[in-house]
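Chain residues, written in single-letter form:
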Amino acid sequence: MSNNDGIYLDYAATTPMSDAVVETMSDALLHDFGNASSLYALGRDSRAKIEAVRNQIAATLNANPLDIIFTSGGTEANDSAILQTAKRLESKGKHLITTAAEHSSVYQTMKLLETLGFTVTYLNFDSEGHISLDDLQEAVDEETTLVAIMAGNNEVGSLQDLQAIGDFCQEHDLFFQTDTVQTYMNVPLDVEQYHIDALSLSGHKLYGPKGIGFMYYRDAAANFTSYLPGGNQENQHRAGTESVPLIMGLGKAIEWFEQHQASHRNHLIQLREYFLTGAKKRGLHFEINGPKTPELPHVLNLYWPNHPSDQVLIQLDLKNIYLSAGSACTAGSLEPSRVLVSMYGKDSPRVRESLRLSFGEPTTTEELDQVLDALAEIR
């Protein structure tokens, strides 16, 4: 996205809505205003469009459509799945397992549960952003009920071995929740193959609208209790009138990925390699934080020795170049990145001298050349 607004390389934080999504939503705002809970034709038409998107999403996950619950985004989906599950299973035990590098919506929810009498084990990442399955196995005790481990990390782009984690959780009768906000439609997901019991998605990571996402929750009819009283929407799982335009916008965004998933991934990998090659040509000495080969190809986290990230970001901002030093949800915080601390320790210079670039479909090599030239001017 290069225009008068500058060069944008923070697609892991949010993406601009695609033209097709804007068009779909504009039409829906004008014509699909019927309340989907109404019994007359206008309402039934809205209901049919909502259910079409629900079925579309379920098909991408090999899931039961009745287990798809529309939410306001990934944060709500993570929070509510973990809180509901911990509460539902507390008679079996009050020990939960997650990682120290989770998105704030998971990490802070776990901290809340600790104040309510639960105990939580926080697994660390290794230097490439992966958990140890041995650590997971050692953490389980007779009180453990839930494992919440993100599928793909939003700061360093590492992917966890969902198959191995899911197999382990099934073998030990543990509920497996995973944050798939960065991974959905970027890598294949199959809730049956990976034994996933709950996952989350936010539409604004997919060139869709903000304010809409979904939760998958296995056997929701039997196991998920509504956390918003007031109505019977979403199969009695979430009260509140559904936003047809937002849901249709989400569906349109997913449709694009269904058609372009492979070419989009190739585009992102090529951008990543172009940037790294260009950096080397310009004598920019970066070290990669996280996987050395692309796992989530749109995320590239770089350690730049002796270049404090906050100072670099200010200089780039003055040139209308927008990237970040970590998760947008912790921006403005004086606390170091929990992800990098988990990987390298709190005293590592990587914690305060690293940049996160994240590429998108609109990103061009010309943009990357401009960013590289700007970085080369920083001493």
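Structure's up top.
Note that the structure is a prediction, hence the values are computed from the model and not measured. (Residues numbered from 1 in each chain as written. Predicted model: local features only at pLDDT ≥ 70, side-chain atom pairs only at ≥ 80, totals over all residues. Heavy atoms only, no water.)

1. What to know about a nonpolar patch on the surface
Inference 1: Residues F33, Y40 and L42 make up a contiguous nonpolar surface patch of roughly 340 Å² in combined accessible area.
Inference 2: Secondary-structure assignment places L42 in helix α2 (residues 41–61).
Inference 3: Judged by relative accessible area, which is 34%, L42 ranks as partly exposed. (Patch = residues over 30% accessible without salt bridge, like charges linked within 9 Å, V, L, I, M, F, W, Y side chains within 5 Å. Areas by Shrake-Rupley, 256 points an atom, 1.4 Å probe, with all protein chains shown as cover. Salt bridge = Lys/Arg side-chain N within 4 Å of Asp/Glu carboxyl O. Helix = DSSP H or I, 4+ residues; strand = E, 2+ residues; numbered from the N terminus. Buried < 20%, exposed > 50% of the residue type's maximum accessible area, 1.4 Å probe, protein only.)

2. As for the sheet that holds strand β3 (residues 68–71)
Inference 1: The mixed open sheet is built from seven strands, whose spatial order is β3-β9-β8-β7-β6-β4-β5. Every other strand in the sheet has two partners, leaving β3 and β5 (119–123) as the edge strands with one partner each. Each strand of the sheet is rotated relative to its neighbour by a mean of 20°, with strand direction disregarded.
Inference 2: In terms of strand pairing, strand β6 (residues 144–148) meets strand β7 (residues 175–179) through three bridges, oriented parallel. Counted as the bridge partner of L146 is F175 from β7. (Pairing = 2+ DSSP bridges. Axes fitted to C-alpha atoms, helices over the stretch in contact; angles between N-to-C directions.)

3. Quick notes on the packing of aromatic side chains
Inference 1: Under the counting rule described, the total for this entry stands at eleven aromatic pairs.
Inference 2: Ring plane angle 75° and centroid distance 4.9 Å describe the contact between Y8 and Y11, whose orientation is recorded as edge-to-face.
Inference 3: Grouped by ring-pair contacts, the aromatic residues Y8, Y11, Y207, W256 and F257 constitute a single cluster.
Inference 4: Over the ring of F118 we find K94, and its NZ or CZ is 4.9 Å from the ring centre.
Inference 5: We note R338 situated over the ring of Y107; from NZ or CZ to the ring centre the distance is 3.8 Å. (Phe/Tyr/Trp six-rings, centres within 6.5 Å; stacked < 30°, edge-to-face > 60°. Lys NZ or Arg CZ within 6 Å of the ring centre and 35° of its normal.)

4. A few points about the sheet that holds strand β13 (residues 354–358)
Inference 1: Spatial ordering of the open sheet is given by β10-β11-β13, a layout of three strands whose pairing is antiparallel. The open sheet has two free edges, formed respectively by β10 (287–289) and β13, since each of these has just one partner strand. Neighbour-to-neighbour, the strand axes of the sheet open up by a mean angle of 35°, direction not taken into account.
Inference 2: Bridge count between strand β11 (residues 299–303) and β13: five bridges; the pairing is antiparallel. Within β13, the residue paired with L302 across the bridge is L355.

5. Side note on the environment of D10
Inference 1: Here D10 is to be found in the loop between β2 (6–8) and α1 (19–31).
Inference 2: Those residues in contact with D10 that sit more than four places away from it in its chain are Y322, L323, S324, R356 and S358. (Contact = heavy atoms within 4.5 Å.)

6. Remarks on the pairing of β11
Inference 1: Most of β11 is tucked away: five of the five residues are buried.
Inference 2: Neither face of β11 is open: one carries V299, N301 and Y303, the other L300 and L302, and all of them are buried.

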